[in-house]
Amino acid sequence: MTEEVLVVSKLRKTFRKPFSGRKVEAVRGVSFDVRRGEVFGFLGPNGAGKTTAIKMLTGLIFPTGGEATIFGQRVPSPEAMRRVGFLPENPYVYPYLTPREFVTLCGQLSGVSGKTLAARVEEVIARVGMSEAIDRPVQALSKGMGQRVGLAAALVHDPDFLILDEPMSGLDPVGRKDVRDLILEERGRGKTVFFSTHILNDAEQLCDRVCILRQAEVVLSGTLSELLSKSDT
């Protein structure tokens, strides 16, 4: 039986606009699951509700309704999050730190220490192609390089489950290919990857299954072959 790493059931988020008090439904009853060892694509145009949903899954904001579990534990769960690596859409990397210092800090916060941490920092920074800039202040790096540092921070504690929000944002074609290769490497190591994107080509190349959002609701979900066969009928 396939183990479900993430289960989302009727998740909702409603915001109230300041001054007017008008309610805005950012996520409307979203349900899906992510299974161990797969690459799962969370697709939809900008403004569809992908980032809001991810913020609820990682405990950054609380849902208005519904629920989600990661590794069988209801979100937010510190125990489950220790096994999660998270890359936000716009990662904030402290500008006066170097990539080595920032990724080391993230590793320490995730419970890694000593020689193990030092080796992991070198390894993940090399994997994201940042070895030459490992001791350069982050404020001197480009947006794409900062994105790579954020990805290294998500990987440093060797998580079982990766949640990546628009992981290829700001990257040039070479960087995009590097991230695609890294995602496939993680799946090959038995890890589970959940990533959001509005680029259909990325999903086509990487994903075992996808969930498509439009106007804050799930409109389609399944394998790409299933969805393509539906479009032909």
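Everything in this summary refers to the structure shown in the same document. Remember, it's a predicted structure, so these values are computed and weren't measured experimentally.

Taken in spatial order, the 4 strands of this open sheet run β2-β1-β4-β5, and their pairing is antiparallel. Bordering the open sheet on either side are β2 (23-35) and β5 (73-74), each of which pairs with just one other strand. Of the pairings in the sheet, the one linking strand β4 (residues 65-70) to β5 comprises 2 bridges and is antiparallel in character. Along β5, the bridge assignment pairs Ile70 with Gln73. Contacts from helix α1 (residues 50-57) reach β1 (4-16), β2 and β4 within the one sheet, and its direction differs from that of β1 by about 115°.

Per the stated rule, a full pass over the model turns up 21 salt bridges. In this structure, Asp33 engages Arg35 in a salt bridge whose closest nitrogen and oxygen atoms are separated by 3.3 Å. Asp33 sits in the buried class, given a relative accessible area of 17%. Here Glu67 and Arg74 are joined by a salt bridge, their closest N and O atoms 3.3 Å apart. When its relative accessible area of 51% is taken as the criterion, Arg74 is described as exposed.

Bringing the packing of helix α5 (residues 143-155) against helix α6 (residues 173-188) into the picture now. Each pair of packed helices can be described by the angle between their axes along with the distance between the axes. As a packed pair, α5 and α6 sit with axes 12 Å apart at the nearest point and diverge in direction by 10°. Overall, the two elements α5 and α6 adopt an arrangement that is roughly parallel. Residues Arg148, Leu151 and Leu155 of α5 pack against Val174, Gly175, Asp178, Val179, Leu182 and Glu186 of α6.

Right, let's talk about the side chain of Glu166 for a bit. Mapped onto the elements of the fold, Glu166 is located in the loop between β7 (161-165) and α6. Of the side chains bearing the opposite charge, Lys50 lies closest to the buried Glu166, which forms no salt bridge; the N-O distance is 4.1 Å. Within the structure, the side chain of Glu166 is placed 3.1 Å from the side chain of His198, a separation counted as a polar contact. Filtering out sequence-adjacent residues up to four positions away, Glu166 remains in contact with Asn46, Lys50, Glu89, Gln147, Ser196, Thr197 and His198.

Of note, Gln147 is situated in helix α5. On the basis of relative accessibility, which here comes to 4%, the residue Gln147 falls in the buried class. A polar atom in the side chain of Gln147 sits 3.3 Å from the backbone oxygen of Glu166.

What follows concerns α5. Three- or four-residue spacings in an α-helix give side chains the same orientation, since the helix completes a turn every 3.6 residues. For α5, spanning 13 residues, the distance from its first C-alpha to its last is 19 Å, which sits close to the expected 18 Å at 1.5 Å a residue. Across the 13 residues of α5, 11 count as buried, placing the element largely inside the fold. Within α5 the residues assigned to the buried category are Gly144, Gly146, Gln147, Arg148, Val149, Gly150, Leu151, Ala152, Ala153, Ala154 and Leu155. The inward-facing, buried residues of α5 contact β6 (84-87), α3 (99-109), α4 (114-127), β7 and α6.

On to the packing of aromatic side chains, then. Ring pairs (aromatic) are described by centroid distance and by the angle formed between their planes. This model, assessed by the stated rule, comprises 8 aromatic pairs. An angle of 15° between the planes, with centres 5.5 Å apart, marks the rings of Phe32 and Phe40 as stacked. Across the pair, exposure class does not vary: Phe32 and Phe40 are buried alike. Taking the centre distance of 5.5 Å and the plane angle of 90° together, the rings of Tyr92 and Tyr94 count as edge-to-face. A relative accessible area of 57% means that Tyr92 is categorised as exposed. Joined through ring pairs, the aromatic side chains of Phe32, Phe40, Phe42 and Phe194 make up one cluster. Taking the ring centre of Phe71 as reference, the NZ or CZ of Arg83 above it sits at 3.7 Å.

Counted under the stated rule, the structure contains 0 disulfides. Here Cys207 is not cross-linked by a disulfide; its sulfur's nearest cysteine counterpart is in Cys211, at 11 Å.

Quantified by volume, the largest pocket comes out at close to 530 Å³. Lining the largest pocket we find 23 residues, and of these Phe86, Pro88, Phe102, Cys106 and Ala153 sit closest to its centre. Looking at the lining of the largest pocket, the elements that each hand over two or more residues are β6, α3 and α5. Residue composition of the lining of the largest pocket, by class: 16 nonpolar, 7 polar and no charged.

About the criteria used
- Residues numbered from 1 in each chain as written.
- Predicted model: local features only at pLDDT ≥ 70, side-chain atom pairs only at ≥ 80, totals over all residues.
- Heavy atoms only, no water.
- Pairing = 2+ DSSP bridges.
- Helix = DSSP H or I, 4+ residues; strand = E, 2+ residues; numbered from the N terminus.
- Contact = heavy atoms within 4.5 Å.
- Axes fitted to C-alpha atoms, helices over the stretch in contact; angles between N-to-C directions.
- Salt bridge = Lys/Arg side-chain N within 4 Å of Asp/Glu carboxyl O.
- Buried < 20%, exposed > 50% of the residue type's maximum accessible area, 1.4 Å probe, protein only.
- Parallel < 35°, antiparallel > 145°, perpendicular 65-115°, else oblique.
- Lys, Arg positive; Asp, Glu negative; His and termini not counted.
- Polar contact = N/O pair within 3.5 Å; in protein donor to acceptor, adjacent residues only side chain to side chain.
- Expected span 1.5 Å × (residues − 1).
- Phe/Tyr/Trp six-rings, centres within 6.5 Å; stacked < 30°, edge-to-face > 60°.
- Lys NZ or Arg CZ within 6 Å of the ring centre and 35° of its normal.
- Disulfide = S-S within 2.5 Å.
- 1 Å grid on protein atoms, 1.4 Å probe; cavity = no way out; pocket = protein on both sides within 12 Å on 5 of 7 lines; lining within 4 Å.
- Points joined across faces, edges and corners; volume = space filled by probe spheres on them.
- Nonpolar A, V, L, I, M, F, W, Y, C, P; charged D, E, K, R; others polar.

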